[in-house]
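What follows is each chain in one-letter form.
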Amino acid sequence: MQDTEKNDFSQGSIIRHILGLAVPMTLAQLINVLYSVVDRIYIGHLPHASAEALTGIGLCLPVITILSAFANLFGMGGAPLCSIARGGHQEKRAQKVMGNSFAMLLMTGVILMTVCYVLKRPLLYLFGASSATFGYADEYLTVYLAGTVFVMVSLGMNNFINAQGFGRMGMLTVLLGAVLNIILDPVLIFGFGMGVRGAAIATVISQGASALWVLCFLTGKRAIFRLDRASMKLELPLVKEITFLGTSGFVMSVTNGTVQIVCNAVLARWGGDIYVGIMTVLNSVREIVSLPLNGLTSGAQPVMGYNYGAGEYRRVKAAVRFITAAGIVFCLAVWLVVFLEPRFFFHLFTSEQELINNGIPALQIYFCGFFMMALQFVGQSTNVALNRPKQAVFFSLFRKVIIVVPLTLLLPLVGNLGTDGVFWAEPVSNVIGGTACFVTMLLTVWKELTQKERMQNE
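Residues numbered from 1 in each chain as written. Predicted model: local features only at pLDDT ≥ 70, side-chain atom pairs only at ≥ 80, totals over all residues. Heavy atoms only, no water.

Quick look at the overall build of the protein chain now. Looking only at helices and strands, the protein chain features 16 helices and zero strands. Relative to a compact globule of 458 residues, whose C-alpha radius of gyration would be 23 Å, the protein chain shows 21 Å and is just as compact. Here the C-alpha coordinates of the protein chain stretch approximately 70 × 45 × 35 Å along the principal axes. Counting only residues that meet the buried cut, the protein chain has 60% of its 458 residues in that class. Look at the contacts in the protein chain between residues 6 or more apart in sequence, and 84% of them connect residues 24 or more apart. Of the roughly 17,600 Å² of accessible surface on the protein chain, 67% is carried by carbon and sulfur atoms. Across the protein chain, the 31 positively charged side chains and the 23 negatively charged ones have centroids separated by 8 Å. (Helix = DSSP H or I, 4+ residues; strand = E, 2+ residues; numbered from the N terminus. Rg over C-alpha atoms; globule rule 2.2 N^0.38 Å. Buried < 20%, exposed > 50% of the residue type's maximum accessible area, 1.4 Å probe, protein only. Contact = heavy atoms within 4.5 Å. Areas by Shrake-Rupley, 256 points an atom, 1.4 Å probe, with all protein chains shown as cover. Lys, Arg positive; Asp, Glu negative; His and termini not counted. Charge placed at Lys NZ, Arg CZ, Asp CG, Glu CD.)

Listed below in structure tokens is the structure:
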């Protein structure tokens with residue numbers, strides 16, 4: 001094990017530390033999103049079947065999101081604990097956290113793959129599949145599920161590379177897989193005429209490469225804490241702690257999947273397959289434009305956790321101030337671009353004129369409250385970084401389950417809004433959920449940090 005004082009976040013500029021992790025993490029997440037988004041871009045331009053194939057891929061998104069949720073459960077649950085332990089010079093605990101998280105990721109991956117294969121057909125019809133779109137969805141998901149363990153390892157364990165301060169290496173983890181995916185997609189989809197199945201095969205191969213890279217780094221000499229068999233022996237209290245803290249990220253992902261399911265089902269009823277395709281595009285755009293915000297707040301978590309563990313409360317507050325200001329400015333800029341140039345985003349994914357014409361007003365409605373997402377992200381990331389899982393979990397549930405899902409079901413019935421009601425649910429939830437999460441964080445976490453800082457100065 002190397003010197004744990006490497007990547008000491010309690011010294012130097014807080015902004016530099018955050019950006020040092022946030023920039024490569026954002027690039028890594030952008031690359032990671034390209035796995036599925038590039039698939040949708042290519043599939044959306046298949047001759048004679050683009051709309052149905054794109055909708056079919058969209059029906060698989062809830063399953064993909066839920067798999068990612070379990071990766072977040074143990075990856076995002078263990079990584080902040082690892083950062084706090086590292087800041088408090090508890091090296092053995094940090095390594096044990098990483099090993100237990102890895103063991104849980106492997107076991108969960110095998111279980112999820114089995115369950116999804118068994119329930120695949122009823123799930124896809126539950127998510128809004130029709131006779132025209134089921135074949136495409138089934139073809140893609142059948143292949144994709146074979147790489148479930150790869151997803152768990154590459155996505156979940158990459159958090160521990162970042163937690164140790166190796167942001168660039170974390171970026172390279174997914175860069176390798178993304179480049180492979182971008183190269184293999186057109187070759188398999190068009191060159192070999194494999195269509196949707198080719199897109200899924202390219203994704204599985206790429207995720208396998210990323211998973212191998214993660215394991216090579218975390219078992220190699222450069223890692224501060226190395227993955228070994230001894231640390232993988234499960235300890236129930238530690239597993240509970242990891243799971244409890246990771247529940248926030250898990251709930252956020254699962255509720256995203258739940259919202260996707262509800263939206264697809266309601267849109268299929270009110271607007272048919274074309275509106276399910278539109279929602280696929282909206283979800284893809286949201287994934288892309290929210291990446292810098294997610295990267296910023298994720299990059300701040302190891303820095304905040306380390307400084308909190310080291311008792312540097314003033315630096316934790318400085319980190320919160322910075323990500324709040326930067327996040328709001330970024331979200332306002334994105335909101336403006338999406339509102340002024342919606343056609344550009346649709347042309348990325350499809351050439352179907354009917355889908356584009358119906359999708360542009362939907363996109364503008366869906367993103368009109370996007371600027372409030374910054375407050376939600378800041379509040380959530382601060383709670384997770386400082387090991388406050390209850391608050392993080394509550395606000396994940398509050399925005400998606402308590403606000404979005406009921407509104408998605410009810411608003412189409414109000415004033416003949418129809419499909420527009422589904423799209424209005426998102427901005428309403430952003431305003432209410434973002435405000436509640438951020439204000440609560442100020443009244444609890446910020447207040448406590450101020451009190452601890454004052455006690456240190458007395």
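On to helix α8 (residues 236-270), then. For α8, built from 35 residues, the straight-helix expectation of 51 Å at 1.5 Å per residue is met to within 8% by its first-to-last C-alpha distance of 47 Å. Thr247 marks the point of greatest bend in α8, at about 45°. Count one or two residues on from α8 and you reach Gly272, which has phi positive near 85°. (Expected span 1.5 Å × (residues − 1). Bend = angle between axes of the 7 residues up to and from the residue.)

A few words now on a nonpolar patch on the surface. On the surface, Leu172, Leu175, Leu176, Val179, Ile183, Val187, Phe192 and Trp213 cluster together into a nonpolar patch covering about 670 Å² of accessible area. For the nonpolar patch, the leading source of residues is helix α6 (residues 167-191), giving six residues. (Patch = residues over 30% accessible without salt bridge, like charges linked within 9 Å, V, L, I, M, F, W, Y side chains within 5 Å. Salt bridge = Lys/Arg side-chain N within 4 Å of Asp/Glu carboxyl O.)

A separate point is the nonpolar core. In this structure, Ile43, Tyr140, Met157 and Leu218 are the most contacted members of the largest nonpolar core, which totals 66 residues. Contributing elements (two or more residues each) for this core: α2 (50-87), α3 (91-126), α4 (134-144), α5 (148-163), α6, α7 (195-218) and α8. Top element by residues in this core is α2. It accounts for 16 residues. For Tyr140, the contacting residues outside a window of four places in its chain are Asp39, Ile57, Cys60, Ile64, Val196, Ala199, Ala200 and Thr203. Counting 37 residues, the second largest nonpolar core, distinct from the first, contains Leu282, Val334, Val338 and Met373. (Core = buried A, V, L, I, M, F, W, Y, C linked by side-chain atoms within 4.5 Å.)

Under the counting rule described, the total for this entry stands at 13 aromatic pairs. Arranged with centres 4.8 Å apart and planes meeting at 70°, the rings of Phe70 and Phe250 form a pair that is edge-to-face. Here Phe70 is found in helix α2, whereas its partner Phe250 is found in helix α8, with 180 residues between them in sequence. Each member of the pair, Phe70 as well as Phe250, carries the same accessibility label: buried. Where Phe395 meets Phe398, the ring centres are 6.4 Å apart and the plane angle is 85°; that geometry is what we call edge-to-face. Linking Phe395 with Phe398, this pair stays in helix α15 (residues 389-410), spanning three residues, or about one helical turn. Every member of this aromatic cluster is reached through a ring pair, and the members are Tyr366, Phe367 and Phe370. Over the ring of Phe134 we find Arg121, and its NZ or CZ is 4.8 Å from the ring centre. (Phe/Tyr/Trp six-rings, centres within 6.5 Å; stacked < 30°, edge-to-face > 60°. Lys NZ or Arg CZ within 6 Å of the ring centre and 35° of its normal.)

The subject of this paragraph is the environment of Ile18. Relative to the helices and strands, Ile18 resides in helix α1 (residues 14-43). Judged by relative accessible area, Ile18 falls into the buried class, the value being 0%. As for Ile18 and Phe70, which are separated by 52 residues in sequence, their C-alpha atoms are 26 Å apart. If sequence neighbours within four positions are ignored, Ile18 has contacts with Leu296, Gly299, Ala300, Val303, Ala319, Phe322 and Ile323.

Applying the stated rule across the entire model yields zero disulfides. With no disulfide of its own, Cys216 lies closest to Cys82 among cysteine sulfurs, the gap being 19 Å. With no disulfide of its own, Cys331 has Cys368 as its nearest cysteine by sulfur position, at a separation of 13 Å. (Disulfide = S-S within 2.5 Å.)

A word on α5. Taking 1.5 Å of rise per residue, the 16 residues of α5 would be expected to cover 22 Å, and the 23 Å separating its terminal C-alpha atoms lies within 8% of that figure. Burial of α5 is extensive: twelve of the 16 residues sit out of reach of the surface. All buried positions along α5 are accounted for by Thr148, Val151, Met152, Val153, Ser154, Gly156, Met157, Asn158, Phe160, Ile161, Asn162 and Ala163.

Residue placement: Val149 occurs in helix α5. Val149 sits in the partly exposed class, given a relative accessible area of 22%. C-alpha separation for the pair Val149 and Gly257, spaced 108 residues apart in sequence, amounts to 19 Å. Once residues within four sequence positions are removed from consideration, Val149 is found in contact with Leu106, Gly109 and Val110.

This next bit is on the confidence of the model for the protein chain. Summary statistics for the protein chain give a mean pLDDT of 86 and a share of 96% for residues scoring 70 or more. In the predicted structure, residues 1-5 sits below a pLDDT of 50 and forms 16 contacts with residues beyond four places in sequence or in another chain. (pLDDT = per-residue confidence, 0-100.)

Our next topic: the packing of helix α14 (residues 373-385) against helix α16 (residues 419-457). Contact pair α14 / α16: the axes reach a minimum separation of 7 Å and the direction vectors enclose 40°. Classed by the angle they form, the pair α14 and α16 counts as oblique. For the pair α14 and α16, the sense of crossing is left-handed. Touching Met373, Leu375, Gln376, Val378, Gly379, Gln380, Thr382 and Asn383 of α14 are Asn430, Gly433, Gly434, Cys437, Phe438, Met441 and Val445, all from α16. Split into classes, the residues belonging to the contact of α14 with α16 amount to seven nonpolar, eight polar and no charged. (Axes fitted to C-alpha atoms, helices over the stretch in contact; angles between N-to-C directions. Parallel < 35°, antiparallel > 145°, perpendicular 65-115°, else oblique. Left-handed = near helix turned anticlockwise from the far one by under 90°. Nonpolar A, V, L, I, M, F, W, Y, C, P; charged D, E, K, R; others polar.)

As a further point, take the side chain of Thr133. Secondary-structure assignment places Thr133 in the loop between α3 and α4. Given the relative accessible area of 1%, Thr133 is considered buried. Among all residues touching Thr133, those that are not within four sequence positions of it are Glu52, Thr55, Gly56, Leu59 and Asp273.

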